[in-house]
Amino acid sequence: MHWQFLRSKDRVTVEIIRFAGVLMPRRHGPDGVSVFRAETQWVEFARQVLGSMLKARDSLGADGYNREWRHPFPKEACEKLDKAIHESKSGG
């Protein structure tokens with residue numbers, strides 16, 4: 001599966017494309033079939049992503065998150081996303 005996120009101004013489109021016969025990750029041919037596509041306001045999508053990330057962090061804890069996802073919690077990325085969400089509210 002290939003997840004594609006496209007942002008245009010205040011909208012984001014999420015599309016999931018399935019490729020048959022992929023032998024190596026990130027290497028696929030042109031035979032993809034879209035299995036999901038949705039469009040929404042980017043800030044609404046961002047709020048959902050941030051909320052889910054913080055819920056996972058809070059329920060698993062730092063060590064549990066690292067074990068489950070095999071990398072540390074993306075604290076800096078969450079802070080940037082939170083900042084972008086707040087700036088969108090103020091028009092900045």
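Definitions and limits used
Residues numbered from 1 in each chain as written. Predicted model: local features only at pLDDT ≥ 70, side-chain atom pairs only at ≥ 80, totals over all residues. Heavy atoms only, no water. Helix = DSSP H or I, 4+ residues; strand = E, 2+ residues; numbered from the N terminus. Buried < 20%, exposed > 50% of the residue type's maximum accessible area, 1.4 Å probe, protein only. Contact = heavy atoms within 4.5 Å. Areas by Shrake-Rupley, 256 points an atom, 1.4 Å probe, with all protein chains shown as cover. Pairing = 2+ DSSP bridges. Axes fitted to C-alpha atoms, helices over the stretch in contact; angles between N-to-C directions. Phe/Tyr/Trp six-rings, centres within 6.5 Å; stacked < 30°, edge-to-face > 60°. Lys NZ or Arg CZ within 6 Å of the ring centre and 35° of its normal. Core = buried A, V, L, I, M, F, W, Y, C linked by side-chain atoms within 4.5 Å. Patch = residues over 30% accessible without salt bridge, like charges linked within 9 Å, V, L, I, M, F, W, Y side chains within 5 Å. Salt bridge = Lys/Arg side-chain N within 4 Å of Asp/Glu carboxyl O. Polar contact = N/O pair within 3.5 Å; in protein donor to acceptor, adjacent residues only side chain to side chain.

A. Quick peek at the overall build of the protein. For the protein, the helix and strand inventory stands at 2 helices and 3 strands. Buried residues in the protein amount to 18% of all 92 residues. A sequence separation of at least 24 residues applies to 42% of the contacts in the protein between residues at least 6 apart. Carbon and sulfur atoms make up 54% of the accessible area of the protein, which totals about 7,400 Å².

B. Representation of the sheet that holds strand 3 (residues 33–41). Read across the open sheet, the 3 strands follow the order 1-2-3; overall the sheet is antiparallel. The two strands at the open ends of the sheet, each matched to only one other strand, are strand 1 (2–8) and strand 3. Recorded for the sheet is a direction-independent mean angle of 15° between the axes of neighbouring strands. Bridge analysis of strand 2 (residues 11–18) against strand 3 gives 8 bridges, and the strand direction is antiparallel.

C. Highlighting the packing of aromatic side chains. A full pass over the atoms with the stated rule returns 4 aromatic pairs. Geometrically, the ring pair formed by Trp3 and Phe5 is stacked, given 6.3 Å between the ring centres and 25° between the ring planes. You can call Trp3 exposed: its relative accessible area is 52%. Connected via pairs of aromatic rings, a cluster forms that spans Trp3, Phe5 and Phe45. Positioned above the aromatic ring of Trp42 is the side chain of Arg7, whose terminal nitrogen or guanidinium carbon lies 4.2 Å from the ring centre.

D. Quick look at the nonpolar core. The biggest cluster of nonpolar side chains holds 10 residues, and these are Val12, Trp42, Val43, Ala46, Leu50, Ala56, Tyr65, Phe73, Cys78 and Ile85. When contributions to this core are tallied by element, the ones reaching two or more residues are helix 1 (42–69) and helix 2 (75–89). By residue number, the principal contributor to this core is helix 1, which donates 6 residues. Setting aside residues up to four positions removed in sequence, Cys78 forms contacts with Leu50, Met53 and Phe73.

E. Main features of a nonpolar patch on the surface. Residues Met1, Trp3, Phe5, Val33, Val35 and Phe36 make up a contiguous nonpolar surface patch of about 640 Å² in total accessible area. Listing elements by their share of the nonpolar patch, those giving two or more residues are strand 1 and strand 3. Among the elements that take part in the nonpolar patch, strand 3 stands out by supplying 3 residues, more than any other. You can call Val35 partly exposed: its relative accessible area is 41%.

F. Examining the side chain of Glu15 more closely. Turning to its location among the elements, Glu15 is positioned in strand 2. For Glu15, a relative accessible area of 13% puts it in the buried group. At 2.8 Å, the side chain of Glu15 and the side chain of Ser34 are in polar contact.

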